[in-house]
Amino acid sequence: MRTGTSSLVVAAFVGPGTVLTCASAGVDFGYALGWVLVFATIAAFVLQSYTASTGILARRGLGEAIRTELSDRRVRGTATGLVVLGLWIGCAAFELGNLIGAASGIKALLDLPFDLRWLVGLISLCAAIILLLDLRILIRVFSALVVGMSALFLVGLVLAPVDWSAALTGLAVPRIPEGGLLRVLALVGTTVVTYNLFLHPSAAKAYWADLDDRETAWRGELRGMALFLPLGGLVSFSILATGATLAGATGGVEDVGTFAVLLKPVAGSFASVCFGLGLFAAGLTSSLTAPLAAAAGICEVFGWSDAPTSSAHRLVWGSVLATGFVLGLVGWSPLPAIVAAQAANGLLLPVIAAFVMYLTLRQSVVSLPVWYHVLGGTVVLLCGGLGLRTLWWVVQQM
């Protein structure tokens, strides 16, 4: 049975940034914010189901839809500029964080004596080789990596001394502890990822191109989403719950590479090893999806060939990967790049989310119930609030 392309979505949002956000949320607030991950996973499912309809039912990627739907040249030019700058800058910035995160996982795991930059270079080379694979083979690679990453983090969760009563309460009872609002927004923002809105429809369109029955293809994609997206949410919660076991034992988690070391005296050596390997897998998978997302959106918005084997597609993803590699090699801190990426995401997320819903409302292949569109509208409003709050955070960093 074909499970579609949703493993790409999970690979994209479960990266080093998610690991750091979830782990620090657990350390600082215990299990109290578990419900946020349930909500964010549902929101991601709804929004990505709309992007799946764009790619499969309308047979258009999001960049292609922007190019064809916006008839006014000035509006189209502004939208194109935002997509190119926001998507490329955002993906390049996240790529730097992904490569450093993956390298940090290996370095912490093996306690290697040489410079982190050598690992960044090696991981970049591996990513480039994998990205040259055929799309269907690439999807299988992502599915295997996501399942393996999930197993590693879940083993770490089982070995950690989790207070399951408190954990279940955190999942079921929504509450925001004092000082936790910003962390709530961060947990949602790290799950509902802007560049997934470009990556998913493009990949789904190509993956299901051989099936003429669009409704059957769309429902097949939804089945895959029902498998992989909850798995991604479970991974995020396992990291948060593992972090909660360190509450009071440390002053906080500011570096993903140190978390495995902090976990060792609490959950044992094997749990620490699982977490280090999981962090490496999270960084590797996200270092593959960020370049692919940039290539999908930018090629489509300019009308270039979006075939994975085309020169334009490879040039765009190669430039994103190369930027992350060069900045990592010179030891550049990812923080300024991540601030810039968050600014781009703050601008793009609400606009793109609303546009995706508009495209779904216009298609006539599948009729969705009114309650689902109400749910989608709620998610779009959430994205608007998230975007505004992210921009405010960026202003505060300046």
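All of these numbers come straight from a predicted model, not from anything done at the bench. (Residues numbered from 1 in each chain as written. Predicted model: local features only at pLDDT ≥ 70, side-chain atom pairs only at ≥ 80, totals over all residues. Heavy atoms only, no water.)

Caption draft 1: Structural detail: the overall build of the chain. For the chain, the helix and strand inventory stands at 16 helices and 0 strands. By residue count, 56% of the 398 residues in the chain fall in the buried class. By element, 68% of the accessible surface of the chain is carried by carbon and sulfur atoms, the whole surface being about 15900 Å². (Helix = DSSP H or I, 4+ residues; strand = E, 2+ residues; numbered from the N terminus. Buried < 20%, exposed > 50% of the residue type's maximum accessible area, 1.4 Å probe, protein only. Areas by Shrake-Rupley, 256 points an atom, 1.4 Å probe, with all protein chains shown as cover.)

Caption draft 2: Region of interest: the environment of Gly 384. The topology assignment puts Gly 384 in helix H16 (residues 370–397). The buried category is assigned to Gly 384, whose relative accessible area is 19%. Through-space distance from the C-alpha of Gly 384 to that of Ala 353 is 8.6 Å; in sequence the pair is 31 residues apart.

Caption draft 3: Layout of unusual backbone geometry. A positive phi angle, close to 55 degrees, is found at Arg 59, a residue other than glycine. By the element assignment, Arg 59 lies in the loop between helix H3 (34–56) and helix H4 (62–69). For Arg 59, a relative accessible area of 27% translates into the label partly exposed.

Caption draft 4: Region of the structure containing the packing of H3 against helix H11 (residues 214–244). In the contact formed by H3 and H11, the axes pass within 9 Å of each other and the chain directions differ by 155 degrees. In terms of their interaxial angle, H3 and H11 are classed as roughly antiparallel. As H3 packs across H11, the resulting crossing turns out to be right-handed. Partitioned by chemical class, the residues of the contact of H3 with H11 number 14 nonpolar, 7 polar and 2 charged. (Axes fitted to C-alpha atoms, helices over the stretch in contact; angles between N-to-C directions. Parallel < 35°, antiparallel > 145°, perpendicular 65-115°, else oblique. Left-handed = near helix turned anticlockwise from the far one by under 90°. Nonpolar A, V, L, I, M, F, W, Y, C, P; charged D, E, K, R; others polar.)

Caption draft 5: Structural view of the confidence of the model for the chain. Mean pLDDT for the chain: 81, with 85% of residues reaching 70 or above. Of all the helices and strands in the chain, helix H12 (residues 256–267) carries the lowest mean pLDDT, 59, while helix H8 (residues 164–172) carries the highest, 92. (pLDDT = per-residue confidence, 0-100.)

Caption draft 6: Broad picture of the nonpolar core. One finds Leu 33 and Tyr 195 to be the most contacted residues of the largest nonpolar core, which totals 106 residues. When residues no more than four places from it in sequence are discounted, the contact partners of Tyr 195 are Ala 12, Leu 87, Cys 91, Phe 94, Ser 286, Thr 289, Ala 290 and Ala 293. (Core = buried A, V, L, I, M, F, W, Y, C linked by side-chain atoms within 4.5 Å. Contact = heavy atoms within 4.5 Å.)

Caption draft 7: Empty space enclosed by the protein, seen in detail. Applying the stated criterion across every chain, the model contains 2 cavities of 30 Å³ or more. In this structure, the second largest cavity encloses a volume near 30 Å³. In terms of lining, the second largest cavity is formed by Val 9, Ala 44, Leu 47, Gln 48, Thr 191, Val 192, Val 193, Asn 196 and Leu 197. When residues of the lining of the second largest cavity are traced back to their parent elements, those giving at least two are H3 and helix H10 (196–207). No other element matches the 3 residues that H3 contributes to the lining of the second largest cavity. For the lining of the second largest cavity, the class distribution of residues is 6 nonpolar, 3 polar and no charged. (1 Å grid on protein atoms, 1.4 Å probe; cavity = no way out; pocket = protein on both sides within 12 Å on 5 of 7 lines; lining within 4 Å. Points joined across faces, edges and corners; volume = space filled by probe spheres on them.)

Caption draft 8: Layout of the packing of aromatic side chains. The tally for this structure, following the rule as stated, stands at 6 aromatic pairs. Each ring, one from Tyr 207 and one from Trp 208, has its centre 5.1 Å from the other, and the planes form 80 degrees; the classification is edge-to-face. Taken individually, Tyr 207 and Trp 208 each receive the classification buried, so the pair is uniform in this respect. Put simply, the rings of Tyr 50, Trp 371 and Tyr 372 pair up and form one aromatic cluster. (Phe/Tyr/Trp six-rings, centres within 6.5 Å; stacked < 30°, edge-to-face > 60°.)

Caption draft 9: Structural context of the side chain of Ser 238. With respect to the secondary-structure elements, Ser 238 resides in helix H11. By relative accessible area, Ser 238 is classed as buried at 1%. Polar contacts involving the side chain of Ser 238 include one to the main-chain carbonyl oxygen of Val 235, which spans 2.6 Å. Among residues more than four places away in sequence, those in contact with Ser 238 are Phe 153, Leu 154 and Leu 157. (Polar contact = N/O pair within 3.5 Å; in protein donor to acceptor, adjacent residues only side chain to side chain.)

Caption draft 10: Main features of the environment of Glu 300. Counting through the fold element by element, Glu 300 comes out in helix H13 (residues 269–302). For Glu 300, a relative accessible area of 3% corresponds to the buried category. For Glu 300, the contacting residues outside a window of four places in its chain are Gly 61, Leu 62, Gly 63, Glu 64, Arg 67, Ser 202, Lys 205 and Asp 306. A distance of 3.1 Å separates the side chain of Glu 300 from the backbone nitrogen of Gly 63, its partner in a polar contact. A polar contact of 3.2 Å, which involves the side chain of Glu 300, links it to the side chain of Ser 202.

Caption draft 11: Here's a closer look at H10. Given a rise of 1.5 Å per residue, 12 residues ought to cover 16 Å, and the 16 Å separating the end C-alpha atoms of H10 matches this to within 8%. Summarising burial for H10: 11 of the 12 residues are buried, a large majority. Considered for burial, the residues of H10 that qualify are Asn 196, Leu 197, Phe 198, Leu 199, His 200, Pro 201, Ser 202, Ala 203, Ala 204, Lys 205 and Tyr 207. (Expected span 1.5 Å × (residues − 1).)

Caption draft 12: Local environment of the pattern of salt bridges. Using the criterion set out here, one finds 5 salt bridges in the structure. Note that Asp 28 is salt-bridged to Arg 183, the shortest N-O span being 3.0 Å. Taken together, the residues Asp 28 in helix H2 (residues 16–29) and Arg 183 in helix H9 (residues 181–189) connect sequence positions 155 residues apart. One continuous salt-bridge network, built from bridges that share partners, spans Glu 64, Lys 205 and Glu 300. (Salt bridge = Lys/Arg side-chain N within 4 Å of Asp/Glu carboxyl O.)

Caption draft 13: Structural detail: the packing of helix H1 (residues 6–13) against helix H7 (residues 135–159). Across the interface, H1 lies against H7 with an axial gap of 9 Å and an inter-helix angle of 50 degrees. When the interaxial angle is binned, H1 and H7 end up oblique. As H1 packs across H7, the resulting crossing turns out to be left-handed. Seen from H1, the contacting residues are Ser 7, Leu 8, Val 10 and Ala 11; seen from H7, they are Ile 139, Phe 142, Ser 143 and Val 146.

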